[in-house]
Amino acid sequence: MRTLVIGSGGREHAIVRRLLHDPDVTEVHAAPGNAGMAADATIHQVDINRGSAVADLAARIAADLVVIGPEAPLVHGVADAVRAREIPCFGPSAQAARLEGSKAFAKEVMAAAGVPTAMAVVCDTVDQVEAALDRFGAPYVVKDDGLAAGKGVVVTRDRTIALAHAKSCGTVVIEEYLDGPEVSLFCVTDGESVVPFPPAQDFKRAHDGDAGPNTGGMGAYSPLPWLPDDFVDDVLARVVVPTIDEMRSRGTPFVGALYTGLAVTARGVRVVEFNARFGDPDIQPVFARLRSGLGGLLLAAATGRLAEHPGPHWDPAAAVSVVLAAPGYPEAPRTGDPLTGLDAAAELPGVDVLHAGTRLDSGGSIVSSGGRVLSVTALGADLDAARDAAYAGLTRISLDGGHHRTDIALAAARGEVTVPAPPDPS
Ligand code: AMP
Ligand code: GLY
């Protein structure tokens, strides 16, 4: 199977690595890629948000499967353009990708499908915003309606900051604050059958102790030993299957990876958001545990044959990913700094270095080119061992001014993450 992976982040590098491990995959191409993907795959330069350009490339290399990693090309209809050439594509249509592309649309689908989520109000005027802020009270949750790479959401106790963010956005969604730990659940679907992956937890804030601004994600781990055993079945029954059924009944089936961001609250699970793709970095520790071929699974989803697929196999070991970010990330990342120690890190047992914002400079050295530069993903017998390995890898890498969180998976390893108790019925 010849495969083409679209994107240039850690998620896409992780997909490339999994495809390379799949004996059914003969070729891995990627566009536009990064320095790490260039070492693993054949790289092509193409405008990934132009459907005709991506479809032309896929046809030229006779791809058997195109995997679209990031949300922007999906929302721009690139998957539609590839499918229009009868090339199997893993990734939803523009219509289905609106589950991520518009938070207001996602809320409407959830309401129609009876899916539990935060109460929310869509606002177009400052008066509506003020009324909604006062209705829900602090902490305030203010979300830009459109795509914002994980940075369009402000959660704050300060009403002035909440109002200022709302004014900077245009249409905004104001919602009830959800208390409780967050979980990322990724499901692969052909629009009808659904295959859940083991859950992961992502760390969205920039600094230790969940301080600082929201980012695209600073690290993640899997599995989540603190979750109840029936968690995935419960979320499938109450959230994922009703949503997939609703999308199909609207004539816009969702084909690809549905990312359900959940809060585990005292009153049960609530959807925080849907994304139309795998999470980054949250898919990385999940993929590190994948022991069966990725290519065949994604092809089965892309061609409506998921029910016939035997399903993925998972390593029971733990995996932890820690992101190395550029100085100034997320506000104003500095790029162009040299990276060293990458090979020394990757030599450690169980350790994988996955590139995100990296490129080769004119001299052939690897330099930073984005806010999230790379991640170190490690497998271990348990979360402590996986953490030790990931941080051992990270300490071998140097990037001037780079920063990372030191507490990825720490609370879970210590048994300190708990599901809030349900309210006392009396
Ligand atoms: P989103 O882009 O919708 O995932 O929001 C980004 C992050 O903001 C989430 O991962 C949460 O950490 C936080 N967040 C979003 N919505 C809520 C909510 N209703 N209550 C509490 N935190 C939220
Ligand atoms: N890590 C969060 C996301 O991919 O949206």
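Calculation criteria
- Residues numbered from 1 in each chain as written.
- Chains lettered and ligands numbered in written order.
- Predicted model: local features only at pLDDT ≥ 70, side-chain atom pairs only at ≥ 80, totals over all residues.
- Heavy atoms only, no water.
- Axes fitted to C-alpha atoms, helices over the stretch in contact; angles between N-to-C directions.
- Helix = DSSP H or I, 4+ residues; strand = E, 2+ residues; numbered from the N terminus.
- Left-handed = near helix turned anticlockwise from the far one by under 90°.
- Contact = heavy atoms within 4.5 Å.
- Expected span 1.5 Å × (residues − 1).
- Bend = angle between axes of the 7 residues up to and from the residue.
- Buried < 20%, exposed > 50% of the residue type's maximum accessible area, 1.4 Å probe, protein only.
- Near = heavy atom within 4 Å.
- Polar contact = N/O pair within 3.5 Å; in protein donor to acceptor, adjacent residues only side chain to side chain.
- Phe/Tyr/Trp six-rings, centres within 6.5 Å; stacked < 30°, edge-to-face > 60°.
- Lys NZ or Arg CZ within 6 Å of the ring centre and 35° of its normal.
- Areas by Shrake-Rupley, 256 points an atom, 1.4 Å probe, with all protein chains shown as cover.
- Nonpolar A, V, L, I, M, F, W, Y, C, P; charged D, E, K, R; others polar.
- Pairing = 2+ DSSP bridges.
- Core = buried A, V, L, I, M, F, W, Y, C linked by side-chain atoms within 4.5 Å.

Asker: Give a detailed account of the packing of helix α8 (residues 126-136) against helix α9 (residues 159-167), specifying residues and quantitative values.
Answerer: It is the contact of α8 with α9, at a shortest axis distance of 10 Å, that shows an interaxial angle of 145 degrees. The handedness of the crossing between α8 and α9 comes out as right-handed. Packed against α8, whose contacting residues are Val126, Val129, Glu130, Leu133 and Asp134, the element α9 presents Arg159, Ala162, Leu163, Ala166 and Lys167 at the interface.

Asker: So, helix α10 (residues 231-249): which residues are in play, and what are the values?
Answerer: Along its 19 residues, α10 runs 26 Å from first to last C-alpha, staying within 8% of the 27 Å computed at 1.5 Å per residue. Of all the bends in α10, the largest measures some 45 degrees and sits at Ala237. For α10, the complete set of buried residues consists of Phe231, Val232, Val235, Leu236, Val239, Val240, Pro242, Thr243, Ile244, Glu246 and Met247. Next to the buried residues of α10 lie α6 (94-101), α7 (103-113), β10 (182-189), β11 (194-196), β16 (256-265) and β17 (268-275). Taken from the residues just after α10, Gly251 is the one with a positive phi, measuring 80 degrees.

Asker: Talk me through the site of ligand 1; I want residue IDs and the actual numbers.
Answerer: Looking at ligand 1, there are 14 residues lining it, with Glu175, Leu178, Glu182, Lys204 and Glu273 nearest. Within the backbone of Glu176, an N or O atom sits 2.8 Å from a nitrogen atom of ligand 1. One nitrogen or oxygen atom from the side chain of Glu273 is found 2.7 Å from an oxygen atom belonging to ligand 1. Among the secondary structure elements, those contributing two or more residues to the shell around ligand 1 are β7 (140-144), β8 (153-156) and β17.

Asker: An account of the packing of aromatic side chains is requested, with residue identities and associated values reported.
Answerer: In this structure the tally under the stated criterion is eight aromatic pairs. Members of the aromatic cluster, connected to one another through ring pairs, are Phe90, Phe186, Phe197, Tyr259, Phe278, Phe287 and Trp314. Across the ring face of Phe105, the terminal group of Arg98 is positioned such that the distance to the ring centre comes to 4.2 Å.

Asker: Outline the site of ligand 2, listing residues and values.
Answerer: Looking at ligand 2, the residues that line it are Asp202, Lys204, Gly216, Tyr259, Asn275, Arg277, Gly279, Asp280, Pro281 and Asp282. Between ligand 2 and Asp202, the relevant distance is 2.7 Å, taken from a nitrogen atom to a side-chain nitrogen or oxygen of the residue. In the environment of ligand 2, an oxygen atom lies 2.8 Å from a nitrogen or oxygen atom belonging to the side chain of Arg277. Protein contacts shield 92% of the accessible area of ligand 2, which totals 200 Å² for the unbound molecule. Of the residues belonging to the shell around ligand 2, the class tally is two nonpolar, three polar and five charged.

Asker: Account for helix α1 (residues 10-20), with residues named and values stated.
Answerer: Among the 11 residues in α1, 10 count as buried, and that is most of the element. Listed in full, the buried residues belonging to α1 are Gly10, Arg11, Glu12, His13, Ala14, Ile15, Val16, Arg17, Arg18 and Leu19.

Asker: An account of the sheet that holds β16 is needed here, citing residue identities and associated values.
Answerer: Here we have four strands laid out as an open sheet, ordered β11-β10-β16-β17, and antiparallel in their pairing. Only two strands of the sheet have a single partner each, and these edge strands are β11 and β17. On average, each strand axis in the sheet is tilted by 35 degrees relative to the strand beside it, whichever way the strands run. Pairing of β10 with β16, which is carried by eight bridges, proceeds in the antiparallel orientation. Directly across from Leu185, in β16, lies its bridge partner Thr260.

Asker: Account for the nonpolar core, with residues named and values stated.
Answerer: Burial of nonpolar side chains together is a common tendency in soluble globular proteins. Counting 80 residues, the largest nonpolar core has Val66 and Tyr221 as its most contacted members. Broken down by element, this core gets its largest block of residues, eight residues, from α10. Dropping the residues within four chain positions of it, Val66 is found in contact with Leu4, Ile6, Ala58, Val82, Ile87, Pro88, Cys89 and Phe90. By size, the runner-up hydrophobic cluster in this structure holds 35 residues, among which are Val16, Ala41, Val195 and Ala300.

Asker: Please provide a residue-by-residue account of the sheet that holds strand β12 (residues 201-202), values included.
Answerer: Taken in spatial order, the five strands of this open sheet run β12-β15-β18-β23-β20, and their pairing is antiparallel. Edge positions in the open sheet fall to β12 and β20 (351-355), since each of these has one partner strand only. As paired elements, strand β18 (residues 318-325) and strand β23 (residues 372-380) share eight bridges and run antiparallel to each other. Among the inter-strand pairings, Leu324 is bridged to a residue of β23, identified as Leu374. Here helix α14 (residues 383-395) sits on the sheet and contacts β15 (219-222), β18, β20 and β23; the angle it forms with β18, its principal contact strand, is near 30 degrees.

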